[in-house]
Amino acid sequence: MAPTTNARVSIEGVSVSFPLYHGSARSLKKLVFAAASGRLGQDRQKRVVVEALRNVSFSLRGGDRLGLIGTNGAGKTTLLRTLAGIYEPVTGRVRVEGSLNALLDPSLGMNLDLTGRENIMLRGLYNGMPRASLGQLEEDVTAFAGLSDFIDLPVRIYSSGMIVRLGFALATAIRPQILLMDEWILAGDAQFIDRAKLRLETMVRGADILVLSTHEASIIRTWCSRVLWLDEGRIRADGPPDAVLEQYLGHPLEPVTEATATEHL
Amino acid sequence: MMTGTTPAARDALLDLRADMSLAARNRLAVRDIKSGSTLWPLAWTLGWLDIKLRYRGSMLGPFWLTLSTGIMVGSLGVLYSTLFHMNVHEYLPFLSLSIVLWNFLSALVSESCMAFTEADKVIRSVRMPFFVFAIRVVIRNLLALAHNLVVIVVVFAVFLIWPGWHALLSLPAAVLWVMDALALTLLLGGFCARFRDIQPIVNSVMQIAFFLTPVIWKPEQLGPRVDLLPLNPFFDLLEIVRAPLLGDVPSTMTWLGAALYSFVLCGAAWGFFARARGRIAFWL
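It should be emphasised that the depicted structure is a prediction, and the values quoted were computed from it without experimental measurement. (Residues numbered from 1 in each chain as written. Chains lettered and ligands numbered in written order. Predicted model: local features only at pLDDT ≥ 70, side-chain atom pairs only at ≥ 80, totals over all residues. Heavy atoms only, no water.)

## Digging into the overall build of chain A
Here is step 1 of the chain: Along its length, chain A carries 10 helices and nine strands.
Here is step 2 of the chain: In chain A, which comprises 265 residues, the proportion classed as buried is 51%.
Here is step 3 of the chain: Within the structure as shown, chain A displays about 12000 Å² of accessible surface, and the carbon and sulfur contribution to it stands at 51%. (Helix = DSSP H or I, 4+ residues; strand = E, 2+ residues; numbered from the N terminus. Buried < 20%, exposed > 50% of the residue type's maximum accessible area, 1.4 Å probe, protein only. Areas by Shrake-Rupley, 256 points an atom, 1.4 Å probe, with all protein chains shown as cover.)

## So, the packing of aromatic side chains
Residues and elements named next belong to chain B.
Here is step 1 of the chain: Considering all chains together, one arrives at 16 aromatic pairs over all chains under this definition.
Here is step 2 of the chain: Here the aromatic rings of phenylalanine 84 and tyrosine 91 are separated by 6.5 Å at their centres, their planes lie at 85°, and the arrangement is edge-to-face.
Here is step 3 of the chain: Taken together, the ring pairs connect Tyr80, Phe84, Tyr91 and Phe94 into an aromatic cluster.
Here is step 4 of the chain: Stacked on the ring of phenylalanine 195, the Lys or Arg arginine 194 has its end atom at 4.4 Å from the ring centre.
Here is step 5 of the chain: Over the ring of phenylalanine 282 we find arginine 279; its NZ or CZ atom is 4.2 Å from the centre of that ring. (Phe/Tyr/Trp six-rings, centres within 6.5 Å; stacked < 30°, edge-to-face > 60°. Lys NZ or Arg CZ within 6 Å of the ring centre and 35° of its normal.)

## What to know about the pairing of strand 1 (residues 13-17) of chain B
Here is step 1 of the chain: Residues Leu14 and Leu16 of chain B point to one face of strand 1 of chain B and are all buried, whereas Leu13, Asp15 and Arg17 of chain B, pointing to the other face, are not buried.
Here is step 2 of the chain: One ladder, built from five bridges, connects strand 4 (residues 91-97) of chain A with strand 1 of chain B; its direction is antiparallel. Looking across to strand 1 of chain B, one finds that glutamate 97 of chain A is bridged to leucine 13 of chain B. (Pairing = 2+ DSSP bridges.)

## What about the packing of helix 4 (residues 88-112) of chain B against helix 7 (residues 170-194) of chain B?
Residues and elements named next belong to chain B.
Here is step 1 of the chain: Closest axis-to-axis distance for the helix 4/helix 7 pair is 8 Å, and the angle between their directions is 30°. In terms of orientation, helix 4 lies roughly parallel with respect to helix 7. In this structure, helix 4 contributes Leu101, Phe104, Leu105, Leu108, Val109 and Ser112 to the contact, and helix 7 contributes Trp177, Ala181, Leu184, Thr185, Leu188 and Gly189.
Here is step 2 of the chain: Of the residues that constitute the contact of helix 4 with helix 7, the class distribution is nine nonpolar, three polar and no charged. (Axes fitted to C-alpha atoms, helices over the stretch in contact; angles between N-to-C directions. Parallel < 35°, antiparallel > 145°, perpendicular 65-115°, else oblique. Contact = heavy atoms within 4.5 Å. Nonpolar A, V, L, I, M, F, W, Y, C, P; charged D, E, K, R; others polar.)

## Remarks on the interface of chain B and chain A
Here is step 1 of the chain: Listed as interface residues are 51 residues of chain B and, on the opposing side, 59 residues of chain A.
Here is step 2 of the chain: Both faces combined, the contact of chain B with chain A buries some 4800 Å², and carbon together with sulfur accounts for 57% of it.
Here is step 3 of the chain: Taken together, the connections running from chain B to chain A amount to six salt bridges.
Here is step 4 of the chain: Of the charged contacts, one joins glutamate 118 of chain A and arginine 56 of chain B as a salt bridge, the two residues approaching to 3.0 Å between their closest N and O atoms.
Here is step 5 of the chain: Seen at the junction of chain B and chain A, the total is 12 residue pairs in polar contact (both at pLDDT 80 or more).
Here is step 6 of the chain: When residues of the side of chain B that touches chain A are traced back to their parent elements, those giving at least two are strand 1, helix 2 (40-55), helix 5 (120-123), helix 7 and helix 11 (280-283) of chain B. (Buried area = accessible area lost by both parts, 1.4 Å probe. Salt bridge = Lys/Arg side-chain N within 4 Å of Asp/Glu carboxyl O. Polar contact = N/O pair within 3.5 Å; in protein donor to acceptor, adjacent residues only side chain to side chain.)

## Some thoughts on the packing of helix 3 (residues 63-83) of chain B against helix 6 (residues 131-158) of chain B
All names here are of chain B.
Here is step 1 of the chain: Contact geometry of helix 3 with helix 6 gives a least axis separation of 8 Å together with a crossing angle of 45°. The pairing of helix 3 with helix 6 is recorded here as oblique in orientation. Both helix 3 and helix 6 take part in a crossing whose hand is right-handed. Across the interface between the two elements, Phe63, Leu65, Thr66, Thr69, Gly70 and Val73 of helix 3 pack against Ala144, His147, Asn148, Val150 and Val151 of helix 6.
Here is step 2 of the chain: Grouping the amino acids of the contact of helix 3 with helix 6 by side-chain chemistry returns six nonpolar, five polar and no charged. (Left-handed = near helix turned anticlockwise from the far one by under 90°.)

## Regarding the pairing of strand 5 (residues 100-103) of chain A
All names here are of chain A.
Here is step 1 of the chain: Residues Leu100 and Ala102 of strand 5 are buried on one face, and the alternating residues Asn101 and Leu103, pointing to the opposite face, are buried as well.
Here is step 2 of the chain: Relative to strand 6 (residues 178-182), strand 5 runs parallel, the two being bridged by four bridges. Bridging across to strand 6, leucine 100 finds its partner in isoleucine 178.

## A word on a nonpolar patch on the surface
Here is step 1 of the chain: A cluster of nonpolar residues, Met59, Leu60, Phe63, Trp64, Leu67, Ile71, Val150, Val154 and Val158 of chain B, forms a patch on the protein surface that exposes about 890 Å² of accessible area.
Here is step 2 of the chain: Listed by contribution, the elements that provide at least two residues to the nonpolar patch are helix 3 and helix 6 of chain B. (Patch = residues over 30% accessible without salt bridge, like charges linked within 9 Å, V, L, I, M, F, W, Y side chains within 5 Å.)

## Here we look at the sheet that holds strand 1 (residues 8-19) of chain A
Here is step 1 of the chain: Overall, antiparallel pairing links the four strands, which are arranged 2(A)-1(A)-4(A)-1(B) in an open sheet. Each having just a single partner strand, strand 2 (49-61) of chain A together with strand 1 of chain B make up the two edges of the open sheet. Here the average twist between neighbouring strands, direction ignored, is 15°.

## Points about the side chain of arginine 165 of chain A
Here is step 1 of the chain: Structurally, arginine 165 of chain A is set in helix 6 (residues 160-171).
Here is step 2 of the chain: Every residue in contact with arginine 165 of chain A, bar those within four places of it in the chain, is listed here: Ala145, Gly146, Asp189 and Phe192 of chain A.

## Topic: the environment of valine 155 of chain A
Residue and element names in this part refer to chain A.
Here is step 1 of the chain: Here valine 155 shows up in the loop between helix 5 (134-145) and helix 6.
Here is step 2 of the chain: Overall, valine 155 belongs to the buried group, its relative accessible area being 0%.
Here is step 3 of the chain: Once residues within four sequence positions are removed from consideration, valine 155 is found in contact with Asn111, Leu112, Leu114, Thr115, Gly116, Asn119, Ile163 and Leu166.

## Examining the sheet that holds strand 7 (residues 209-213) of chain A
Residue and element names in this part refer to chain A.
Here is step 1 of the chain: Taken in spatial order, the six strands line up as 5-6-7-3-8-9 in an open sheet, and their pairing is mixed. The open sheet is flanked by strand 5 and strand 9 (234-239), the only strands paired with a single partner. The mean angle between the axes of side-by-side strands here comes to 15°, regardless of whether they run parallel or antiparallel.
Here is step 2 of the chain: Against the sheet, helix 9 (residues 241-249) makes contact with strand 3 (65-69), strand 8 (226-231) and strand 9, and its axis sits at roughly 25° relative to strand 8, the strand it touches most.

## Description of the environment of valine 249 of chain B
All names here are of chain B.
Here is step 1 of the chain: Turning to its location among the elements, valine 249 is positioned in the loop between helix 9 (233-245) and helix 10 (252-276).
Here is step 2 of the chain: Once the C-alpha coordinates of valine 249 and glutamate 239 are considered, the two residues, 10 residues apart in sequence, prove to be 9.3 Å apart.
Here is step 3 of the chain: The residues touching valine 249, leaving out its near neighbours within four places in the chain, are His166 and Leu169.

## Some remarks on the confidence of the model for chain B
Atomic detail in the predicted coordinates should be set aside for any region of low pLDDT.
Residue and element names in this part refer to chain B.
Here is step 1 of the chain: Per-chain confidence: chain B averages 89 in pLDDT, with 95% of residues scoring 70 or above.
Here is step 2 of the chain: Per-residue pLDDT stays below 50 along residues 1-9; that stretch engages in 26 contacts with residues further than four places along the chain or on separate chains.
Here is step 3 of the chain: For this predicted complex, the interface confidence reaches an ipTM of 0.83, while the overall pTM sits at 0.88. (pLDDT = per-residue confidence, 0-100.)

## As for helix 2 of chain B
Here is step 1 of the chain: The end-to-end C-alpha distance of helix 2 of chain B is 23 Å, a good match for the 22 Å that 16 residues give at a rise of 1.5 Å each.
Here is step 2 of the chain: Looking only at helix 2 of chain B, the buried set comprises Pro41, Leu42, Ala43, Thr45, Leu46, Gly47, Leu49, Asp50, Ile51 and Tyr55 of chain B.
Here is step 3 of the chain: Here the buried face of helix 2 of chain B lies against helix 4 (116-126) of chain A together with helix 1 (22-38), helix 3 and helix 6 of chain B.
Here is step 4 of the chain: Two residues or fewer after helix 2 of chain B comes glycine 57 of chain B, characterised by a positive phi angle close to 90°. (Expected span 1.5 Å × (residues − 1).)

Pasting the structure below:
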């Protein structure tokens, strides 16, 4: 089990809504003319807003593994972005204590025109690593992705397998206390996948708090101790994985066996 | 067992509430700028890679910038010194300084509009101080400026011009420029993320400003109306850097004007940034 430390996440009555800016709402000219003709107030009211999260509250302590389920557009990714501090809440409060890494876009900052080495350095810097420890990161990622001869060539000329390996190695190189994952990232060829699985599991086990959004019931059952079911931005159910999953899927779950648990990995 | 994965991730205490007071907004904006400044190695690397990528694979690399500026200064210098009946020895050093500084200014203004939109992927996948992207744009443009400085040095060497100790007066002016550039990037970057029609407007304003500001013409050509020039913010800011390098001392009016316009710009940028910072991610 993960070490329990002082990592904490608490969310109180959080709502996040997106103003939909499209067409004329993007234009300053139109806004100025609307204001000049006294229609601004009306325009404001008419602004289309998507409520991505509505009054969501929960808290997590060290050792908690939270799974997020829900249909597309239920607010899973928005919730992860809110936890990561990317979207600031419109109402409510978000409090996160502990180092946090959000794997929302596994190819974060990966630039195909840059060399492998430059991409590794950039990722380290994005994570606020001091220059002194960039060498260690480079060694780790290069060795894991098996890029030895290609490290100084632009990523553009890599084979697709190499790009996947580099992306995965980079995404899993930084070990946070609080890990947010949008989908269980696992990719690569048969030869690579066992090593990838081991590395990902090490990272997940090492995190004090895991928040994982996925569509795969088996992954939730393997990794999570608690499940939130989001529906149209609201919490529809919150509880132990099996109970919530049965409610969500609408049928009883088969008993977990080693085979079903690893089938999707 | 795995060979050492890096056990580093930024330490964080994140506490965000809605309906923040003005003081809380200001505190968060201060924190953004502080932590953004500590990430300067990232901003530097991003800015440097931008320049490198733009010219990767070309024979001269970033020195294409130097070459094209050199050709522009050379041809404009000969043309306008003939049109204005001016001595090339006097006009060309002036023009080389003006063109290089103005190119920096107009590229900076235009690129600051994209400061946040060009980084949308990063902004939406990791919490990152917005100030980092402002520093990146300024560094990228300072690096381009550094390449263009070669043109000035060559022109000054050819015409054997030595500005003397007065040149040191342009150092405080340069500091003011960097401050203004950062403020402008925060302001325009955020504003353009919200309103996508700002950038074309900004570009046309800069086009007009180019002709209204003594860049290719000299201030004294205005005759008695030269007194009106300090009203043009671009003139004040340009003059406090340019005049000392040509061996002159800018007038107090010019310095006052530059300080006043900078104050207004930084104030506006701060007010806007403190208010809009939390919304920028939603606009991208």
